[in-house]
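These are the residues of each chain, in order.
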Amino acid sequence: MSGTSTLSGAASAPDSGALPALTVEGLEVSVRTEGGLRPLVSGLSFTLARGETLAIAGESGSGKSITSLAIMGLLPPPAVRITGGRIKLGRTELTDLPEGRMRAIRGDRVAMIFQEPMTSLNPVLTIGTQLAEAIRAHETVSKAEARARALEALRSVRLSQPERRLDQYPHELSGGMRQRVMIAMALALRPEVLIADEPTTALDVTVQREVLDLLRDLQRELGTAIILITHDMGVVAEMADRVIVMRDGRMVEEGPVRQIFADPQADYTRALLAAVPRMGAGRGRPPVEAEPIARLSDLQVRFDLKGGLLGRTQARVHAVEHVSFDIRRGETFALVGESGCGKSTIAKAMVGLVPHEGRIEIGGQTLGTLDAAGRKALRRRLQIVFQDPMAALDPRMRIGDLIAEPLVIHGIGTPDERRARVGDLLTRVGLSPAQMERYPHEFSGGQRQRICIARALALQPELIIADESVSALDVSVQARVLDLLAALKREFGIALLFISHDMAVVENVSDRVAVMYLGQIVEMGSRDQVFGNPRHPYTRRLIEAVPVPDPTHQRPATPRLAGEIPSPVHPVGSGPERVRLTDVGGGHLVAM
Amino acid sequence: QDYTPDPNARPGGAITITYKDDVATLDPAIGYDWQNWSMIKSIFDGLMDYVPGTTELRPGLAEGYEISEDGLTYTFKLRPGVTFHNGREMVAEDVKYSLDRVTLPETQSPGAGFFASIKGFDAISDGSATTLEGVTVVDPATVRIELSRPDATFLHVMALNFASVVPKEAVEAAGADFGKQPVGTGAFRLGEWTLGQRLVFEKNADYWRDGVPYLDSIVFEVGQEPIVALLRLQNGEVDVPGDGIPPAKFTEVMADPAQAERVVEGGQLHTGYITLNVTQPPFDDLKVRQAVNMAINKQRITQIINGRAVPATQPLPPSMPGYTEGYEGYPHDVEKAKALLAEAGFADGFETELYVMNTDPNPRIAQAIQQDLSQIGIKAAIQSLAQANVIEAGGNGSAPMIWSGGMAWIADFPDPSNFYGPILGCAGAAEGGWNWSKFCDEALDAKATEADSLADPARAEERLKLWSDVYMGVMEKAPWVPVFNEQRYTMKSARMGGDDSLYVDPVSIPVNYDYVFVTE
Amino acid sequence: MTDATAAERPVRAKGALRRLAERPLALFGLLLILLVVGGAVFAPLIAPFDPSAQHFDGLTIEGAPLPPGGAFLLGTDLLGRDLFSRILWGARTSLIIGVAANGLALVIGTLVGLTAGYFRGWIGAVLMRFTDLMMAFPALLLAICLAAIFQPSLWIVAMVIAFVNWVQTARVIYTETSALSEREFIAAERTLGAGTGRILFRHILPHLLPTIIVWGTLGISTTVLLEATLSYLGVGVQPPTPSWGNIIFENQTYFQSAPWLVFIPGAAILLLALAFNLVGDALRDVLDPTQRGRD
Amino acid sequence: MPAYLLRRLFQSALILLGVSLVTFILLYVLPADPVRQIAGRSATPQVVENIRRQLGLDQPFLVQYGRYLWGLLQGDFGRSYLQKTDVATLIAARLPATLQLMGGAILCELVLGLTMGIVAALRRGRALDQGLMIVSFVAVSAPQFVVSLLLLYVFAVKLGWFPIGGYGTLSHLVLPAVTLGILGSGWYSRMMRSSMIDVLRQDYIRTARAKGLTRGRVILRHALPNAILPIVAMIGIDIGIFMGGIVVVESVFGWPGIGQLAWQAIQRIDIPIIMGVTMVSACAIVLGNLLADLVAPFIDPRIKLK
Ligand SMILES: Nc1ncnc2c1ncn2[C@@H]1O[C@H](COP(=O)(O)OP(=O)(O)OP(=O)(O)O)[C@@H](O)[C@H]1O
Ligand SMILES: Nc1ncnc2c1ncn2[C@@H]1O[C@H](COP(=O)(O)OP(=O)(O)OP(=O)(O)O)[C@@H](O)[C@H]1O
Ligand SMILES: [Mg+2]
Ligand SMILES: [Mg+2]
Ligand code: NI
C-alpha cells in the first residue's frame, strides 16, 4: 500500500455501521436486440463506503462502463436499459428518480470521468466554458469566480499553460490533455462519489502518477468515494481499498485489495494477475540485428498557430523536432514520453497524414517521392493502429466489413476467403467471429481497440505502428494481444513501432526504446540500456512513476512536480533548444 | 352637346383605388396601358375630349375648331385663362411643343404613329426635322394644324393622351423623369408618389371646367392582388378595385344582392378574337378558316368566363360606331365545319398550334377553343407564354393561331378605323407588325383609306357604312374568329356617387375620376 | 473465444429491406408511393374520363365548377373537366418532376458537393465558385429564361428544374463533407490505402444520407410547385396536360369558391412528399446502426 | 481575416460579373423583342426602329453588354424601358421593404423552424414528432398564394388583428413575415431535426449531462451550436430562394418590394429592371453566403477560414 493511503484507505475499510455512499443491489442492465433482451450486466451487487476506493477490474467488455453509466443514469438510449435491481446513492434511490432530480445529483454528488477523451468534450465550446458551467450548474457563483475555479481545477490536473487552455477548444489539445480536462471537470465540484472509467488510460505515467495522487488527495480531503475502473493492476494495487473483478457482466470475485492480490480465489482473477506486466520482468533478449525497415532522419513537424487580425502565423507548435531513428526489421521499437510530446505526430507523419520536413524512408522508399500506386503499395508494408479506437472506425460499418476493408481495397481474396480471414483475425485478437455483424458503437472501448488491431493485421504489413494500442486493454487481453504481436513478429518478421506511456509494457515488449520529451528524443537505446541504466533524469522519473502491481509495495515518496510544464509552442522564428545526443556506450544515446 | 353634371354631386372627400400593377409613368407621351390611361386623362388635357361616360367628342382645351373644306387644315381656338398646375397660362406655343415632343424620336413615344397624318411627320420621325412642319402657332390662342392627307379620325387623335398639352419648362426641368413629376392642365395634380406603393392625386382648384372635379383627392394604392382589393372593398377600405372583380369571386359577388347592387355593368370597346395566319398552310385556305369560325362554340366560352362577355359576330364591338347590326356572323355548326374541312382536303383534320398569353383566364379560354377545334379534327397544341413572347410570335408570323385575350384590342378611341389599320390592314402585316393574321387585302385597304378621307362630319353616316363594308369584307375572308366582346363590371363602394355611366366610361377605365363623387 | 456475448450466433443481420418492411409507417409510405405510381401508370385504365374532356354537364349555368360527389368523383374544374381523371394523369407529370427531376438535382448536387468538400484545393474552389455563381441567380428567373429559350416540354422542364435545383444541395453537402473528411476514421481509411472513390462513396456518402434524404423528400414538394410556377408563367408543361402543381396554380384564386380544386391536388403533393419522407426516414434509421433497437 | 475577406470579396465580384454576363446573354437570346413591347400596337415600323436605335438595341451584343457594364461600374443601372425611370431609383425605393420583409421572414422561419426541429428531435418517434413532420411538409407543399390569402383572410379580415395588406408599421409586417416564415420553416425544421438527432447521440452530450446541466442548457448550449452549423449555410442559400419566392406574398399583402417590380419587369421584358434586380439579388445572395461563411468559424472553432 502506498504511503498516503494508510491515512484514509485503511481507515475507511468497510465500516459496517455507517451508511454506504453507494449501494448497488442485483443490478441488471440489458440491451434490446433483434433477438430480444440480452443482459450486459446481471446480478451485480456491491456497496461503496464513504471515502473508500473501489476498483472494478475485469476484462474488456465485461460491463464495467455499462455499470457506471447505469449509476449515472446515462445508459445509451434507446436500446440499453436497467432491467432489474436497485442503485442507491446514500439514501437516495436512483433507479427510478425523475430526470430533474437525477440531474441535480449528477456532477454534484456523483461525477464521472469518461473513457473516450477525444469525443467526450464539446468541440465548439472552450475548455473554460465547459469547466465553468459544470461549477455553475450546481453552485451559485459568479462567472468570474467559476472561471477562477476552473483555472484552479486545470492547475490541479497539471495542464500546461492553464490560463491559455481556458480559452482553447478541445481540438487544440492532445488526447492526454483532454483527459486531464475531463478529470478537472469531474473533480471541480468535489463529488461524494466519483466514477473514474479508465481515468489514466490515455495519460502518460508521470501524469498518471499525479492524477492518482490528486484523486487520493481529494479523497482524503473530502471523503469522496471513488469507483475506479481500470485494467491496470498497478493502479488497482496502489489505489484501491477493495476490488471487484468482473467477467461477462457478472462479478466473479470481491475482496480487499491485499487479499485479492495475495490469494485470488477465482481462476479468472488468478489468470488476470498472472498476466500483469511487471517492471523488471522482461527477459533479456538479444538485440535484433537486421537492416532497418524504417529510417527517420531529422524529422520535423510543426503546426502553425494562426491568430490576430491579419491571420498570420503567430506561433508554431514544434511537435516533432529533429528526430532521427531507425526501426529494424522484426524489432519492436518503443516510443515513450509524456502526453503531447509528439509521439502520435511522428506516427501520423510516417503514414503521411501530416506534412513533415526531413526524411522518412520506409523499406528504402522515401515518403513524399512516391506516386499514387507507390503509396498504395506502401500501405501494405506499413499499418497504423490509432490512439482513439472509436474515432478511427467508421461508425456506419459492421466490424466484419471494417476488418475486411484493407483486403477489399488491395483486392485480396474472394468474399468467402475474406470472411474466413476476418473470423480468424477476430479470434486472434480475442473477439468472436460471431460479432462480425455488429457495429463499433456496440463494443466496449477495449473491444474496439482490438478491432483496430485486427484491421491493421489484415494486410500482414512489415511494420505496424501501434499508437497506445494496448493502453485501453485489460491486462489479460493486453497480454494476449502482446503475445499475438510477438507471435506475428516471429512468424512474419513484422516490426513494431510501439507508442506507449506504459513503462511496464514497454519494458516487456520492446527491443529498443526511445524516450521523447517535448518533441525531441532525450534518450535512446536497447531496452536493457534504457531500463537497466536510465541516464536521463526524465527517463528515471518515468520509470519511477510506474505503479507497482503489489498492494504491499511501499512507494518511495516522490516529490510532487511543481511549476510550469514546458510547452512546445514557440513564437515564429524561435524554437526549442536542440538537444545533442551522445553515445554513452553500445549505442545508448543520451541527451546531455 | 356638352355634359350636364349630376345635380346631386357634392364636392369634397377622398377615394381609394387599388391596382395590382405599379403605375409605370404619367408622361402622356409614354403612358399607354389602360391603367395609367385614365390617370393621365385626369392630369392632362388635350385639345379635344369626350363627353363623360360616352364616346362622343367634345372640345377640351380648344374652345372650338374649324376644319377646312378639303379636310386638311384644322384650326383650334384655345380656351383662354387655362393654367398649368405650375400656375403658368397655357398658350398655343405649348400645343406645338407638345405635338413636336410626342413625335420626336428621342421621346420614344409609342403613340407617335397616331400623328402620321400631320404634315412633316415623316421628316421629324426620320430625324431630318426637329419640329412638325404642319403645326403652326397663329397667335397665342390659335393653333393651325395641316395634314398631309385627309384623316377623319384626326379629332379623336387630338383627344388621345398622346396629344396632351404639356408645359415645356416643366418637361425640361424634370428631364427624363417627367413621367414621375407630371405637370398638366388637368382636373387633378399629382400630390405624392411613393414608388411601388401609392400615388395621391389632389384636386386642381383652378381647373378650367367649372364645378369639377368633385373629389379633393384620389389615392391609388398599387401592388395589390385583385382578390385582396375586393376583400378590402368589402371591408370598407377601398372604393374602387381598379382591376375589377376577380373571376374567382365574380359569381359570389353577383349572387349577393347587396354587393351585386354596387356592380355597374357596361359594354367596352373590346373584342376577343383568334387570329388565323393566312400566309401559313392550312390557314391559307379560306375554307379552313371558315371551318374554324364555325367550330368555335362562343356561347360556351362566354359561359366559362362566367358570362362576362357577349358572343361576337364581327371585329367591331357592338358599342362601336360602324358596327353592322343584324349580321349573324358564322354560326356554330360542327357538321358544316367538318364538311368545309373535308372540301379543303383536311377530312382528318390537322395539327397546329394555338398561342395564348399565360394569365388567367386566357389559358382556360384557349383550352376551350382547343376542345372545339378537336371536334372537327384539328389538334391544336397550346403555347401558353408570357405576353412578350406571344407578341413576338405573332409579329414574326410564326404563330398559326393566337388567342388575343389579355393583349386584345381595347380601342384607343371610339372609331371603327381604330380596329383596322395595325391589326387587319396591310401595314400591320409586315414583319413585326400587330396584324398577326398577316391578312392583307388591297381592295379592303383601299376602301378603308377612302373611308378615312371622308373627314367631313356631314358625311359621317356614309363613312360608317364604308367601314361596315370593310369589316364585312374581312368576315368574308375570315382571317379572324371574333369570339366575344368583354363586358365591364366595375364595383364600387356604397358611398360612391355619380351616374353609372361614369363607372363604365368607355375611354376612362375604371372610372371617370373627374366626375365621380362621394355621398358622405 | 471468451467474450461477453460469445453465445451470440453468427446470423447475418436481417436485410435492410426486411427491417424497413417491419416499420408500419414506412410500409404505409411505401404503399402510398405504390398507389401514386400505380395511379400514374394505369391512369388510362382507371381514369373514368379523358382528363382533358370538357364536359357540358361539368359546369353550372353560371360557369361554376361542380363540387365532389355525383357523376364526377372529385368534382370538376373551371372547364368542366373531371378532377379525378386529371389528378390521375397529373400524377405522371408530377412524378417525373418530383422524383426524376428532383432526383437528378440531388445526384448532381451530391456529386458536386462531395467532390468539392473532399478535395478542397483548386477542384473544390472551382466547383464551389461555380456553385456560388449558380446560386447567385434568382433560381426562378433562370428557370424562366431557360425554359423560354428551349421550347417548353415536360422533359425540358424537368431538366431545367434539375439544373437550377442542385445548387443548394451541393452547398449543404459540401459543408458536411468538409467536416466529415476531417474525421479520424477517414484518415484511418487513407492509411489503409483506400482510393478516393472508395472513401467518397463507401465512407463519406453513407454519412451524408440523412441530409440527402431530408433534401430529397423536401425537394419533392418544392420541385412539383416550381413546375407549377413555370407552367403558370407559360414556360412549364403546356395545358391541357395536367400536373398536380398546375391544377393548383390554375385554380388557386378559387380556393374559397371551389376549394376542392386547390386542396385535393395540394393533398396529393403533400401525401407524395410525406410518403417519401416516411420511407426516407425509416431508411435512414435502418441504415444508421446506432439507431437499431428503436421502433 | 482581412486577407481572406479581400479574397472573398474579389471572388464575389467575379461571381457578380459572371451573373451579369449570363443574365445578359439569357435575356439577349430570349425569343421576345422588348422594343415591340415599348412601342405598343399602334407604332409604325419607323417608330419601332427609332426606339430600337434610341435604346441602343440595334448594337451588337458585346457593345450592349460593354455599355451596361460600364454603366454598372459607375453605379448606373440604366433606365427602365417602360417606366422611363432610373432603375437604381426604382430598386432603391423598394429595397428597404424587401429587406424588412426578408429580415422578418428569416427570423420567423428560424424561430419556427428551429423550435419545431428541436422539439421533434427530442420527441423523436413520438406522436408530437410525427405531427411536426406533417406540419413541416404541409409548410413546404403548400401553395404560397393560398396560404397567404388564407392567413390574410383569417387574421386581417375576420379577426381584424392586422391591417389587410400594406406597408409601413410593424403590424403591417407581421402577417407577410409570418406567412413566409411558416412556408420556409418546413425546411429548417427538417434540417434541424436531422442535424439535432445526429448531435444528441455524441459523447459530449453525455458528458454535459453527466455534469448535471439542465436539459435546457444541454440542448441550447451544447447540442444547438453543433447542430446549427448546417443551418447557417442554409440561411445563406435561403436568401436566393427568397428572392425568387417573395413575389406572391408581396403581391397578396401589397408589400412594395422588389419581387413585384421584378415580376412585372419579367412579364414585360423590361430588361434594365430584370438586370438590376438580378444584380441586386445576386449581391444579396453573395453577401449572405459570405456572411454565413464568416460566421461559421465562430460557431465551430474547428473551421478555419482559408
Ligand atoms: N450501445 C450498446 N449496444 C449494445 N451492446 C453494447 C452497447 N454498449 C456496450 N455494449 C456491450 O456491453 C458489454 C459491456 O460493455 P462495457 O462498455 O461496459 O465494457 P467495459 O467493461 O467497460 O470494457 P472496456 O474495458 O473495454 O471499456 C460489451 O459486450 C459491449 O459489447
Ligand atoms: N493539428 C494540430 N494543430 C496544432 N497543434 C497540434 C495539432 N496536432 C497536435 N498538435 C500539438 O502537437 C503536440 C504533439 O501532439 P501529439 O498528438 O503528437 O502528442 P502525443 O505525444 O501523441 O500525446 P498523447 O500521449 O497525449 O497522445 C501537442 O502539443 C499538440 O497540442
Ligand atoms: Mg469501458
Ligand atoms: Mg498521441
Ligand atoms: Ni494504462
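Thresholds, definitions, all that
Residues numbered from 1 in each chain as written. Chains lettered and ligands numbered in written order. Predicted model: local features only at pLDDT ≥ 70, side-chain atom pairs only at ≥ 80, totals over all residues. Heavy atoms only, no water. Helix = DSSP H or I, 4+ residues; strand = E, 2+ residues; numbered from the N terminus. Buried < 20%, exposed > 50% of the residue type's maximum accessible area, 1.4 Å probe, protein only. Contact = heavy atoms within 4.5 Å. Areas by Shrake-Rupley, 256 points an atom, 1.4 Å probe, with all protein chains shown as cover. Lys, Arg positive; Asp, Glu negative; His and termini not counted. Charge placed at Lys NZ, Arg CZ, Asp CG, Glu CD. Near = heavy atom within 4 Å. Polar contact = N/O pair within 3.5 Å; in protein donor to acceptor, adjacent residues only side chain to side chain. Nonpolar A, V, L, I, M, F, W, Y, C, P; charged D, E, K, R; others polar. Buried area = accessible area lost by both parts, 1.4 Å probe. Salt bridge = Lys/Arg side-chain N within 4 Å of Asp/Glu carboxyl O. Pairing = 2+ DSSP bridges. Domains from an automatic or database assignment. pLDDT = per-residue confidence, 0-100. Axes fitted to C-alpha atoms, helices over the stretch in contact; angles between N-to-C directions. Parallel < 35°, antiparallel > 145°, perpendicular 65-115°, else oblique. Left-handed = near helix turned anticlockwise from the far one by under 90°. UniProt positions renumbered as here; feature names shortened; annotations may be inferred. Expected span 1.5 Å × (residues − 1).

So, the overall build of chain D
Per the secondary structure count, chain D includes 13 helices and zero strands. Counted from the first residue to the last, chain D has its helices and strands arranged as α-α-α-α-α-α-α-α-α-α-α-α-α. Its C-alpha atoms give chain D principal-axis dimensions of about 85 × 55 × 30 Å. Here chain D holds 306 residues, and the buried ones make up 63% of them. Contacts in chain D between residues far apart in sequence, at least 24 positions, make up 74% of those at least 6 positions apart. When the accessible surface of chain D is totalled, it reaches about 11,200 Å², and 70% of it is carbon and sulfur. Across chain D, 27 positive and 14 negative side-chain charges occur, with their mean positions spaced 10 Å apart.

A word on the site of ligand 1
The environment of ligand 1 is made up of 24 residues, and the closest members are Ser60, Ser65, Gln115, Glu442 and Gly446 of chain A. Residues lining ligand 1 come from chains A and C. Here an oxygen atom of ligand 1 and a backbone polar atom of Ser62 of chain A are 3.2 Å apart. Contact between ligand 1 and Gly63 of chain A: an oxygen atom at 3.1 Å from a main-chain N or O atom of the residue. Those elements that provide at least two residues to the shell around ligand 1 are strand S2 (36-48), helix H2 (64-72) and helix H17 (445-457) of chain A. Here the shell around ligand 1 is built from residues that sort into seven nonpolar, 11 polar and six charged.

Let's talk about the interface of chain B and chain C
One frequent convention defines the size of an interface as the accessible area lost when the parts assemble. Taken residue by residue, the interface counts 23 residues in chain B and 28 residues in chain C. Surface buried jointly by chain B and chain C totals about 2,100 Å² across both partners, of which 44% is contributed by carbon and sulfur atoms. Broken down residue by residue, the surface that chain B buries against chain C is led by Arg300, Gln303 and Gln367 of chain B, which jointly contribute 27%. Run the count over chain B and chain C and you get zero salt bridges. Where chain B packs against chain C, one counts eight residue pairs in polar contact (both at pLDDT 80 or more). When residues of the side of chain B that touches chain C are traced back to their parent elements, those giving at least two are helix H7 (247-255), helix H10 (298-304), helix H12 (362-375) and strand S16 (379-385) of chain B.

Overview of the interface of chain D and chain C
With 52 residues of chain D at the contact, the number on the chain C side is 52 residues. For the pair chain D and chain C, the summed buried area comes to about 4,600 Å², and 73% of that belongs to carbon and sulfur atoms. The largest per-residue losses of area from chain D upon contact with chain C belong to Arg124, Phe137 and Trp187 of chain D, which jointly make up 14% of the total buried on that side. Counting every contact that joins chain D to chain C gives one salt bridge. As a salt-bridge pair, Arg171 of chain C and Asp293 of chain D come within 2.8 Å of each other at their nearest N and O atoms. At the junction of chain D and chain C, the tally comes to three residue pairs in polar contact (both at pLDDT 80 or more). Counting only elements with at least two residues in the side of chain D that touches chain C, the list comes to helix H1 (2-29), helix H6 (127-141), helix H7 (144-158), helix H8 (170-200), helix H11 (229-252), helix H12 (258-268) and helix H13 (271-299) of chain D. In the side of chain D that touches chain C, the residues fall into 34 nonpolar, 12 polar and six charged.

Looking at the pattern of salt bridges
Throughout the structure, instances matching the rule amount to 58 salt bridges over all chains. Across the pair Asp239 of chain B and Arg495 of chain B runs a salt bridge, and its minimum N-O distance is 2.8 Å. Here Arg495 of chain B lies in the loop between strand S19 (480-491) and strand S20 (496-497) and Asp239 of chain B lies in the loop between helix H6 (226-234) and strand S11 (240-241), a separation of 256 residues in the sequence. Salt bridges here are not isolated pairs; linked through shared partners, they connect Arg129, Asp132 and Arg171 of chain C together with Arg8 and Asp293 of chain D.

What about the sheet that holds strand S5 (residues 92-93) of chain A?
Residues and elements named next belong to chain A. Ordered in space as S2-S1-S4-S5, the four strands form an open sheet in which the pairing is antiparallel. Only two strands of the sheet have a single neighbouring strand rather than two, namely S2 and S5. Here strand S4 (residues 80-89) runs beside S5; their pairing, made up of two bridges, is antiparallel. Residue pairing across strands places Lys88 opposite Glu93, the latter belonging to S5.

Structural notes on the domain arrangement of chain D
All names here are of chain D. Here chain D is described as being made up of domain 1 (1-74) and domain 2 (94-299). Taking the mean C-alpha position of each, domain 1 and domain 2 sit 32 Å from one another. On the side of domain 2, 16 residues touch domain 1, which itself brings 19 residues to the contact. Between domain 1 and domain 2 lies a buried interface of about 1,500 Å² when both sides are counted; carbon and sulfur atoms form 83% of it.

Details of the confidence of the model for chain D
Residues and elements named next belong to chain D. Looking at chain D, the pLDDT average stands at 84 and 98% of residues meet or exceed 70. Predicted confidence in chain D is weakest over H11, with a mean pLDDT of 77, and strongest over helix H5 (residues 87-122), with 90. Scored by ipTM, the complex comes to 0.79, with pTM at 0.81.

Looking at the site of ligand 2
All names here are of chain A. For ligand 2, the set of nearby residues contains 18 residues, the closest of which are Ser339, Gly340, Ser344, Thr345 and Gln387. Here Cys341 contributes a backbone N or O atom positioned 3.1 Å from an oxygen atom of ligand 2. Here an oxygen atom of ligand 2 sits 2.6 Å away from a polar atom, N or O, in the side chain of Ser344. Contact with the protein chains hides 81% of the accessible area of ligand 2, taken as 630 Å² for the molecule alone. Elements with a contribution of two residues or more to the shell around ligand 2: helix H7 (175-187), strand S12 (312-328) and helix H12 (343-350). Among the residues forming the shell around ligand 2, the class breakdown is five nonpolar, nine polar and four charged. Structurally, the shell around ligand 2 is a two-domain feature, drawing no fewer than three residues from each of domain 1 (22-274) and domain 2 (292-381 + 461-545 + 562-581).

Observations concerning the packing of helix H10 (residues 244-251) of chain C against helix H11 (residues 260-287) of chain C
All names here are of chain C. Contact geometry for H10 and H11: axes closest at 8 Å, N-to-C directions at 150 degrees. Here H10 lies roughly antiparallel to H11, going by the angle between them. Two packed elements cross with a definite hand, and for H10 against H11 that hand is left-handed. Here H10 contributes Trp244, Gly245, Ile247, Ile248 and Asn251 to the contact with H11, which in turn contributes Leu261, Val262, Pro265, Gly266, Ala268, Ile269 and Leu272.

Thoughts on the UniProt feature "transmembrane region" (unreviewed entry) in chain D
All names here are of chain D. The UniProt entry lists residues 12-30, 101-122, 134-155, 167-188, 227-253 and 273-296 under the feature "transmembrane region" (unreviewed entry), expressed in the numbering used here. End C-alpha atoms of residues 12-30 are separated by 27 Å, and the span's content is 95% helix alongside 0% strand. Between the end C-alpha atoms of residues 134-155 the distance is 23 Å, and the span holds 91% helix and 0% strand.

Observations regarding H17 of chain A
With 13 residues, H17 of chain A should reach 18 Å at 1.5 Å per residue; the first-to-last C-alpha distance of 19 Å fits that figure. Within H17 of chain A, 13 of the 13 residues are buried, which leaves it mostly tucked inside the rest of the structure.

Here's the deal with the sheet that holds strand S10 (residues 250-256) of chain A
Hydrogen bonding along the main chain pairs the strands of a sheet, whether they run parallel or antiparallel. All names here are of chain A. An order of S6-S7-S8-S3-S9-S10 is seen for the six strands of this open sheet, with the pairing classed as mixed. Where the open sheet ends on each side, the last strands, each with one partner, are strand S6 (110-113) and S10. Strand after strand, the sheet turns through a mean of 15 degrees between neighbouring axes, direction not considered. In the sheet, strand S3 (residues 53-58) pairs with strand S8 (residues 225-229) via four bridges, with the strands oriented parallel. By the bridge assignment, Ala55 is partnered in S8 with Leu228. Of the strands in this sheet, S3, strand S9 (242-247) and S10 touch helix H11 (residues 267-275), which is tilted by about 105 degrees from S9.

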